[in-house]
Amino acid sequence: MKLKGKTAVITGGARGLGKALCQRFAEEGAQVALCGRSVDLLNRARLELSAFGVRVLAEQCDISDVNQVQSFAGRVLEEFSTIDVLINNAAL
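Here is a short report on the structure shown in this document. Not measured: the values here are computed from a predicted model.

Analysis parameters
- Residues numbered from 1 in each chain as written.
- Predicted model: local features only at pLDDT ≥ 70, side-chain atom pairs only at ≥ 80, totals over all residues.
- Heavy atoms only, no water.
- Helix = DSSP H or I, 4+ residues; strand = E, 2+ residues; numbered from the N terminus.
- Rg over C-alpha atoms; globule rule 2.2 N^0.38 Å.
- Buried < 20%, exposed > 50% of the residue type's maximum accessible area, 1.4 Å probe, protein only.
- Contact = heavy atoms within 4.5 Å.
- Areas by Shrake-Rupley, 256 points an atom, 1.4 Å probe, with all protein chains shown as cover.
- Lys, Arg positive; Asp, Glu negative; His and termini not counted.
- Charge placed at Lys NZ, Arg CZ, Asp CG, Glu CD.
- Salt bridge = Lys/Arg side-chain N within 4 Å of Asp/Glu carboxyl O.

Brief notes about the overall build of the protein chain
- When you go through the protein chain residue by residue, the secondary structure sums to 3 helices and 4 strands.
- Secondary structure elements of the protein chain occur, N-terminal to C-terminal, as β-α-β-α-β-α-β.
- A globule of 92 residues ought to have a C-alpha radius of gyration of about 12 Å, and the protein chain, at 12 Å, matches this closely.
- Overall size of the protein chain, expressed as C-alpha extent along the three principal axes, is 35 × 25 × 15 Å.
- Within the protein chain, the fraction of its 92 residues that count as buried is 35%.
- Taking contacts inside the protein chain between residues at least 6 apart in sequence as the whole, the part at least 24 apart equals 62%.
- Accessible surface, the protein chain: about 5300 Å² in total, of which carbon and sulfur atoms supply 51%.
- In the protein chain, which carries 11 positive and 10 negative side-chain charges, the distance between the mean positions of the two groups comes to 5 Å.

Concerning the pattern of salt bridges
- One pass over the structure, following the stated rule, counts 6 salt bridges.
- With its nearest N and O atoms 3.0 Å apart, the salt bridge here joins Arg24 to Glu27. In this pair, Arg24 and Glu27 are both assigned in helix α1 (residues 16–27), 3 residues apart and thus about one turn of the helix distant.
- Glu27 sits in the partly exposed class, given a relative accessible area of 39%.
- Across the pair Glu78 and Arg75 runs a salt bridge, and its minimum N-O distance is 3.7 Å. Remark: Arg75 and Glu78 occur in helix α3 (residues 66–80); sequence separation between them is 3 residues, near one turn of the helix.
- Counted as one network, the salt bridges with shared partners bring together Arg24, Glu27 and Glu28.

Structure (structure tokens):
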């Protein structure tokens with residue numbers, strides 16, 4: 001639980017490397033905010049990450065759309081008040 005109380009934000013966090021990163025941060029106690037394009041994958045990831053006993057925010061967001069990115073960032077700050085780690089993993 002090295003990261004308890006920290007917030008990790010990971011784009012493209014619903015699958016592949018992004019999901020693995022989300023899981024590792026959650027294992028270490030970090031709150032996790034992730035985004036991606038697939039609602040189904042985001043919902044599955046949210047459930048899996050919540051099993052680690054951490055707070056999770058999973059939002060649909062297309063990183064090529066600046067308005068969606070700004071909205072996601074706003075939701076993260078509303079939910080967690082801070083961002084300690086940011087991993088821009090999503091690809092266009």
